[in-house]
Amino acid sequence: MMKAMLVDDEPFILQGLSVLIDWETEGYEIVKKASDGREALDYLRENNVDLIITDIRMPRLSGLELLETIRNENISDAYVIVLSGYNDFKYVRAALRHSCMDYILKPVQKEQLITNIRRAAADKEINVQKEDDNRRLQRGYLLQNMMALLQGKAQGQGLSYIKKNLRYSETLRYLHICLNDLSALEEMSDEEMAELKNGVYEQAAHYLQNDADHLFKDFFVFEEDYEIGFVYCDYMAKERGLGEEEFLEAFHRAAQSGSENMPVILLAGKQVNDISRLSRSYSSACVLRSFKGFQNHKNLYFYEKEVQVSETRTILCKQPLDALVAAVNQNDTAAVGQSVDELFAEMDRMDRTPDMVTMNLSWLIFRLLNLASEQDESVSQDEVLSYISGSVSKEAIIRGSRAHLRKFACEFAEYLVQLRKSVSRGILAEIENEVKEHYAENLTLRELGQKYYINSSYLGQVFRKRYGQSFKNYLNNYRIKEAAAQLIRTDKKIGQIAEDVGYHDLDYFISRFIEQEGCTPSRYRKRAREAE
């Protein structure tokens, strides 16, 4: 509702104006009736209104003096309609000089007043839309530059824009805010996941208050839909009189309150001392995403605590580990079994402990990552880590489950075999057709991998190598192209177009559209039609 204020020293005129038209039907709420300009000015210093209808001649402060004061002191940018019994051009000129919307002679005609308040409402809507478009564009540009920063590619103008538009301090770190039940998430629709994610985002943003712009819900560098990015700076804790860990624990409680049944965890990348080095913190948070699967469950994981090996006498069983890596690389099932037995035997001789298992698993994982990278340099380490963490249980290894590690090692050996092979053009062509025919549906690599009998992780690698982007981004780009075509060809509302191409969250759709096309959907449509 638009907020209106009526100002006149004649009570019957105030009453008459309030009943002359149906204000509610016209989209207005009368929030104040002032008996003179001074009373109106006092109200405006404390409250916002959208429309002021004021008499020109009043005691204490006239309508013209009220108008001049609020404009000169930037008290209000409300639309102002001046009512007067004087048909004198000097009054009209004075009113217009201070951005008066209209000068109406008394007695006021209902139709004339309705025309003016409708014009004010329409103009306000246009201005709000422009402000919203500009806000989205600025946010979209910040997102683009932040993505480049996290990937270690931000420089020059992009880095300067981030520094200018994001409050930061010398000490900072990157965090993943993760919904932590992958099996449940895989069963959810896009709409259900977006609603859950929005709940976490809103509560986290509420806790951060003025620093909510450090949250990145629609961060397209993520392959995971269930994550929110957060750039933590040490001033956030200091301003609340808290230590870093205290602050992040309170922040976690706030984020968790936005998700009733789904656990939320925080993965804190390593601390860096300059925003230009934030990519190092982001990379370490990605590593931590998979290592959490080998640790006891917690709400908050710090890279420094979970991944870095402390200065203890924990022994690395290097010889059996090297043998196991070689057996995996050669896809030698018998040698895999023998190497696993030797690894367990050596750890048992030294009283197998959780710290020992963590250290040896860490070494094994990074060796396997190197093997995958050797097969195909385009392999995403994040995806391989995700594949590994979904297959390895630290608890099972601590309990002595050789079969568990043996099974994983053999499966990873097969995974490497697939990396060495090339997926036929036929399968990729089939997937292209799947996108063309079902782009509005919830297509996933997992389902496509099952349908075409191919490891989904490897399919993702080959897809990225062939098309230069992830499957998720390919699908989103296709959806945005279809949306752009509908914006030009049809008069559908933007919300309906978003639904038609597979987006159930309008804000997410608009953010993706800006990221790809460089402007909002409404501006894209306007430009296209102006060019015709």
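Residues numbered from 1 in each chain as written. Predicted model: local features only at pLDDT ≥ 70, side-chain atom pairs only at ≥ 80, totals over all residues. Heavy atoms only, no water.

**Things to note about unusual backbone geometry**
Here is step 1: Residue Pro107 follows Lys106 across a cis peptide bond; omega there is -5°.
Here is step 2: Checked against the element boundaries, Pro107 lands in the loop between strand S5 (102-105) and helix H5 (110-150). (Helix = DSSP H or I, 4+ residues; strand = E, 2+ residues; numbered from the N terminus.)

**As for the nonpolar core**
Here is step 1: If you look at the biggest cluster of nonpolar residues, it comprises 50 residues, and the most contacted ones within it are Met146, Ile177, Leu215, Phe230, Phe247, Phe251 and Leu278.
Here is step 2: No other element matches helix H8 (residues 190-208), which puts seven residues into this core.
Here is step 3: Residues contacting Phe247, with those up to four places away along its chain left out, are Tyr207, Leu208, Phe230, Tyr232, Met236, Ala237, Arg240 and Leu242.
Here is step 4: Residues Val435, Leu448, Ala484 and Phe509 belong to the second largest nonpolar core, which totals 30 residues. (Core = buried A, V, L, I, M, F, W, Y, C linked by side-chain atoms within 4.5 Å. Buried < 20%, exposed > 50% of the residue type's maximum accessible area, 1.4 Å probe, protein only. Contact = heavy atoms within 4.5 Å.)

**Examining the environment of Val80**
Here is step 1: By the secondary structure assignment, Val80 is in strand S4 (residues 79-84).
Here is step 2: Note on Val80: relative accessible area 2%, which makes it buried.
Here is step 3: Sequence-wise, Val80 and Ala120 are 40 residues apart; in three dimensions their C-alpha atoms are separated by 9.2 Å.
Here is step 4: Not counting the four nearest positions on each side in its chain, Val80 is found in contact with Ile52, Thr54, Leu67, Ile70, Arg71, Cys100, Met101 and Asp102.

**Points about helix H2 (residues 37-46)**
Here is step 1: Turning to H2, its buried residues are Gly37, Ala40, Leu41, Tyr43 and Leu44. Mapping the buried residues of H2 onto a view down its axis gives an arc of 165°, with all of them on the same face.
Here is step 2: In this structure, the buried residues of H2 make contact with strand S1 (2-7), strand S2 (28-34), strand S3 (51-55) and helix H3 (63-72). (Arc of directions from axis to C-beta.)

**Here we look at the pairing of S1**
Here is step 1: Of all six residues in S1, five are buried; the element is thus mostly enclosed.
Here is step 2: In this sheet, S2 lies alongside S1 in parallel orientation, the contact comprising six bridges. Note on S2: the bridge partner recorded for Val7 is Ala34.
Here is step 3: As for the winding sense of the linkage, the β-α-β connection from S1 through helix H1 (residues 11-20) to S2 is right-handed. (Pairing = 2+ DSSP bridges. Right-handed = clockwise from strand over helix to strand, strands pointing away.)

**A closer look at the packing of aromatic side chains**
Here is step 1: Applying the stated criterion across every chain, the model contains 16 aromatic pairs.
Here is step 2: With centroids separated by 5.5 Å and ring planes inclined at 40°, the aromatic side chains of Tyr232 and Phe247 adopt a geometry described as tilted. Remark: Phe247 occurs in helix H10 (residues 244-256) and Tyr232 occurs in strand S8 (residues 227-233); sequence separation between them is 15 residues. For the pair shown, Tyr232 and Phe247 are each scored as buried.
Here is step 3: A connected cluster of aromatic rings, assembled from ring pairs, spans Tyr207, Phe230, Tyr232, Phe247 and Phe251.
Here is step 4: Here Arg167 stacks its cationic end above the ring of Tyr235, 3.8 Å away from the centre of that ring.
Here is step 5: Stacked on the ring of Tyr503, the Lys or Arg Arg479 has its end atom at 5.4 Å from the ring centre. (Phe/Tyr/Trp six-rings, centres within 6.5 Å; stacked < 30°, edge-to-face > 60°. Lys NZ or Arg CZ within 6 Å of the ring centre and 35° of its normal.)

**Examining a negative patch on the surface**
Here is step 1: A cluster of acidic residues, Glu191, Glu192, Glu195 and Glu499, forms a negative patch at the surface.
Here is step 2: Sort the elements by how many residues they give to the negative patch and H8 lands first, with three residues.
Here is step 3: In this fold, Glu499 is placed in helix H23 (residues 494-500). (Patch = residues over 30% accessible without salt bridge, like charges linked within 9 Å, V, L, I, M, F, W, Y side chains within 5 Å. Areas by Shrake-Rupley, 256 points an atom, 1.4 Å probe, with all protein chains shown as cover. Salt bridge = Lys/Arg side-chain N within 4 Å of Asp/Glu carboxyl O. Lys, Arg positive; Asp, Glu negative; His and termini not counted. Charge placed at Lys NZ, Arg CZ, Asp CG, Glu CD.)

**Examining the sheet that holds S2**
Here is step 1: The strand order S2-S1-S3-S4-S5 describes an open sheet built from five strands, whose pairing is parallel. Lying at the two open borders of the sheet, with one neighbouring strand each, are S2 and S5. Averaged over all adjacent pairs, the angle separating strand axes in this sheet is 20°, with direction ignored.
Here is step 2: Direction of pairing for S1 relative to S3: parallel, over a ladder of four bridges. If you follow Ala4 over to S3, its bridge partner there is Leu51.
Here is step 3: Along the sheet, H3 contacts S3 and S4; its crossing angle with S3, the most-contacted strand, is approximately 145°. (Axes fitted to C-alpha atoms, helices over the stretch in contact; angles between N-to-C directions.)

**Some thoughts on the side chain of Asp211**
Here is step 1: Within the element layout of this structure, Asp211 appears in the loop between H8 and strand S7 (215-216).
Here is step 2: Under the relative-accessibility criterion, Asp211 is labelled buried at 6%.
Here is step 3: Leaving out residues up to four positions away in the same chain, Asp211 has contacts with Arg167, Tyr235 and Met236.

**What to know about the sheet that holds strand S9 (residues 264-268)**
The strands making up a sheet associate through backbone hydrogen bonding, with each pair oriented either parallel or antiparallel.
Here is step 1: An order of S7-S8-S6-S9-S10 is seen for the five strands of this open sheet, with the pairing classed as mixed. Where the open sheet ends on each side, the last strands, each with one partner, are S7 and strand S10 (300-302).
Here is step 2: Relative to S10, S9 is paired through three bridges, and the arrangement is parallel. Bridged to Ala268 within S10 is Phe302.
Here is step 3: Along the sheet, H10 contacts strand S6 (172-179), S7, S8, S9 and S10; its crossing angle with S9, the most-contacted strand, is approximately 145°.

**Quick word on the pairing of S6**
Here is step 1: By the criterion of burial, S6 is predominantly enclosed, with eight of the eight residues buried.
Here is step 2: Side chains Leu172, Tyr174, His176 and Cys178 of S6 all project onto a buried face; the interleaved residues Arg173, Leu175, Ile177 and Leu179 project onto the opposite face, where all are buried too.
Here is step 3: Across seven bridges, the pairing between S6 and S8 is antiparallel. Each residue of the ladder has a partner; that of His176, found in S8, is Gly229.
Here is step 4: When S6 meets S9, the two strands line up antiparallel, connected through five bridges. Across the sheet, the residue bridging to Leu179 is Val264, located in S9.

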